[in-house]
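Spelled out, the chains give:
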Protein chains: 2
Amino acid sequence: MADGPEEIGRLIGLMARLPGMGPRSARRAVLHLVKKRSQVLLPLAEAMKAVGESVRPCVACGNLATSDLCPICANPKRATGTLCVVADVADLWAMERSQAFQGRYHVLGGLLSALDAIGPDELGIPKLVARVTEEELTEIILALPATIDGQTTAHYIADALPELNVTSLAQGVPIGGELDFLDDGTISAALRARARV
Amino acid sequence: MADGPEEIGRLIGLMARLPGMGPRSARRAVLHLVKKRSQVLLPLAEAMKAVGESVRPCVACGNLATSDLCPICANPKRATGTLCVVADVADLWAMERSQAFQGRYHVLGGLLSALDAIGPDELGIPKLVARVTEEELTEIILALPATIDGQTTAHYIADALPELNVTSLAQGVPIGGELDFLDDGTISAALRARARV
Ligand SMILES: [Zn+2]
Ligand SMILES: [Zn+2]
C-alpha cells in the first residue's frame, strides 16, 4: 500500500475477505480499529487467537466446542430421543435463539448437491444413521433450508431411516429462505407445525 | 452465549462493534473465521496484533505510520511548499488513490463542530498554522467534505492564514458528499479546478 504502513495494508486485505465486507468497508473498519486500539483492536486480536486455539467441532453433533462435547451435548437436561438436523452451525444457533427446541442437534455441514459434488458421505449421513441406533432416537426433526438442495437432503434422510419418524419444519419457512434470517416466532411456529416428510 | 463456547460469544460481541457490522453479520463472519482457521482467523489475529503494536500517528501530518514519520512525509520526492489538509486518514487515502496530488498532507482528525464542541485546538489548527511558517508553505489545499462543518472549517483556516493562498477542492465534490465515496477521476477534476476560499 503506497499510502500507509504495510501492516495496515495487510490487515485491510484480510478484513476485506470477510463475508459482507469489501475494500471500502474494510478500510473503514481498520481505521476504526486503529482509533480504538485498547478498547477494540487488541481485545479483538486476543479473542481471535483464543478462538483459533480452543474452538473445534463437537465430536457428537458438529456444533462449535472448546472440549470434546459442546455445551448442548454435555447438558444432561437436554432431551434425548429427538434429534434436530441442521445444515450449518449458524442454523443451530438460530434454532437455539428461538428457544423452541429442547433436544440435541446434528450438524450436517452442508446439503446434498449434485452441482457441488456433495454426497451423503461428505455430509456424514452414515454417522447420523448410526446415531439413530446408538441413541435410541424416536424422532428426527429436519430444520433444513426450504431450497431444492434442502428438500433433496430431507428426502434422502427420510429414505435412509424408513423405520423412524422423520419430520420437517414446515409452516412458516419461506420458499428459498434461510433459517438464519427468520425471527424466533416464525421458527417456533414452524417447529410446532412440523409434518412428516 | 447459551448455544456455544463463550470464546465465540465474546468474539461475536467484539466483531459486532465494527462499523457496518451488526449481530447477524458478526455471527456469519465468525463462523467463516472458524472454518478458515489457518487461512484467515490466525493471520487476521496476527495482523491485528502487529498493527496494534506498531502503528501510530505520523508526528508531522497525522497519517498512520510505523515510525515517527509516515512514508509520505519521509519520501524526499514528495513536493514541499503545498500542503493538502484533510479531515481524516480515510480522506488522505482517497486522495492518494486518485494519484492527483504529489505534495504532503495535514490530517485534522475531524472538523469544527459547535454541536460536538470541537474547536480549533481539538483539531490542531495552531499546529497547522505553525507548519506554514516552519515549512515555508506557499499554498494550502483544503480537501474537506462539502458539508456545513467542512465549509465552517475551511473558512476558519482561510481566516487564520490571511497571507497564504488557501484553495479548496471545488468542482466535482457533491453537496453533502464525503471524499472517501468519490472515484479517482472526480477527485482529480476537483483538484484541477480548485478555487480560492
Ligand atoms: Zn454437540
Ligand atoms: Zn506524515
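Residues numbered from 1 in each chain as written. Chains lettered and ligands numbered in written order. Predicted model: local features only at pLDDT ≥ 70, side-chain atom pairs only at ≥ 80, totals over all residues. Heavy atoms only, no water.

In the nomenclature of an unreviewed UniProt entry, chain A corresponds to Recombination protein RecR from the organism Pseudoroseicyclus tamaricis. Per its UniProt entry, chain A bears the Sequence similarities (unreviewed entry) comment "Belongs to the RecR family." Quoted straight from UniProt, the Function (unreviewed entry) entry for chain A says "May play a role in DNA repair. It seems to be involved in an RecBC-independent recombinational process of DNA repair. It may act with RecF and RecO." (UniProt positions renumbered as here; feature names shortened; annotations may be inferred.)

Helices and strands together make up the secondary structure of chain A, namely 8 helices and 7 strands. Relative to its 197 residues, chain A shows a buried fraction of 51%. Counted over contacts in chain A with a minimum sequence separation of 6, partners at least 24 positions apart contribute 54%. Summing over all exposed atoms, chain A offers an accessible surface of approximately 9100 Å²; the carbon and sulfur share of this is 52%. (Helix = DSSP H or I, 4+ residues; strand = E, 2+ residues; numbered from the N terminus. Buried < 20%, exposed > 50% of the residue type's maximum accessible area, 1.4 Å probe, protein only. Contact = heavy atoms within 4.5 Å. Areas by Shrake-Rupley, 256 points an atom, 1.4 Å probe, with all protein chains shown as cover.)

With that settled, the discussion passes to the coordination of the zinc ion (ligand 1). Residue and element names in this part refer to chain A. Here the zinc ion (ligand 1) is held by the protein donor atoms Cys 58 (SG), Cys 61 (SG), Cys 70 (SG) and Cys 73 (SG), which lie 2.3 to 2.4 Å from it. Going along the chain, you hit the donors of the zinc ion (ligand 1) in the pattern C-x2-C-x8-C-x2-C. Taken together, the residues span a long stretch of sequence, with Cys 58 in the loop between β1 (56–57) and β2 (64–65) and Cys 70 in the loop between β2 and α4 (71–74) at a distance of 12 residues. Relative accessible area serves as the criterion here: at 0%, Cys 70 is assigned to the buried category. (Donors = N, O, S within 2.8 Å, 3.2 Å for Na, K, Ca; no water.)

Here chain A is described as being made up of domain 1 (6–54) and domain 2 (76–168). A straight line from the C-alpha centre of domain 1 of chain A to that of domain 2 of chain A covers 35 Å. (Domains from an automatic or database assignment.)

All names here are of chain B. Only Cys 58 (SG), Cys 61 (SG), Cys 70 (SG) and Cys 73 (SG) from the protein coordinate the zinc ion (ligand 2), and they sit 2.3 to 2.4 Å from it. Between the 4 donor atoms coordinating the zinc ion (ligand 2), the angles at the centre fall across 104 to 116 degrees, so the site counts as tetrahedral. In primary-sequence terms, the residues that donate to the zinc ion (ligand 2) follow C-x2-C-x8-C-x2-C. Residue Cys 58 is found in the loop between β1 (56–57) and β2 (64–65), and its partner Cys 73 is found in helix α4 (residues 71–74); the two are separated by 15 residues along the sequence. For Cys 58, a relative accessible area of 3% corresponds to the buried category. A relative accessible area of 10% means that Cys 73 is categorised as buried. (Tetrahedral: all angles 85-135°; square planar, octahedral: opposite > 155°, others 65-115°.)

Our focus in this paragraph is the nonpolar core. The nonpolar side chains of soluble globular proteins are, as a tendency, buried together. Judged by nonpolar contacts, the single largest core of 91 residues is most densely connected at Met 15 of chain A together with Met 15 of chain B. Not counting the four nearest positions on each side in its chain, Met 15 of chain B is found in contact with Leu 18, Leu 44 and Met 48 of chain A together with Met 21, Ala 26, Ala 29, Val 30 and Leu 33 of chain B. (Core = buried A, V, L, I, M, F, W, Y, C linked by side-chain atoms within 4.5 Å.)

Residues and elements named next belong to chain A. Here Leu 164 is to be found in the loop between α7 (148–160) and β6 (165–168). Classification of Leu 164 by relative accessible area gives buried; the value is 10%. Spatially, the C-alpha atoms of Leu 164 and Val 132 are 8.5 Å apart, while their sequence positions differ by 32 residues.

Contact residues are listed per partner, giving 57 residues for chain B and 57 residues for chain A. Note on chain B versus chain A: buried area summed over both sides is about 5200 Å², and carbon and sulfur give 71% of it. Taken together, the connections running from chain B to chain A amount to 2 salt bridges. The partner of Lys 35 of chain A in a salt bridge is Asp 88 of chain B, with the nearest N and O atoms 3.2 Å apart. Inspection of the region where chain B meets chain A yields 4 residue pairs in polar contact (both at pLDDT 80 or more). (Buried area = accessible area lost by both parts, 1.4 Å probe. Salt bridge = Lys/Arg side-chain N within 4 Å of Asp/Glu carboxyl O. Polar contact = N/O pair within 3.5 Å; in protein donor to acceptor, adjacent residues only side chain to side chain.)

Take the pairing of strand β5 (residues 139–143) of chain B next. All names here are of chain B. Most of β5 sits out of view: 5 of its 5 residues are buried. Residues Glu 139, Ile 141 and Ala 143 point to one face of β5 and Ile 140 and Leu 142 to the other, with burial holding for every one of them. Relative to strand β6 (residues 165–168), β5 runs parallel, the two being bridged by 4 bridges. Within the sheet, the bridge partner assigned to Glu 139 lies in β6 and is Asn 165. (Pairing = 2+ DSSP bridges.)

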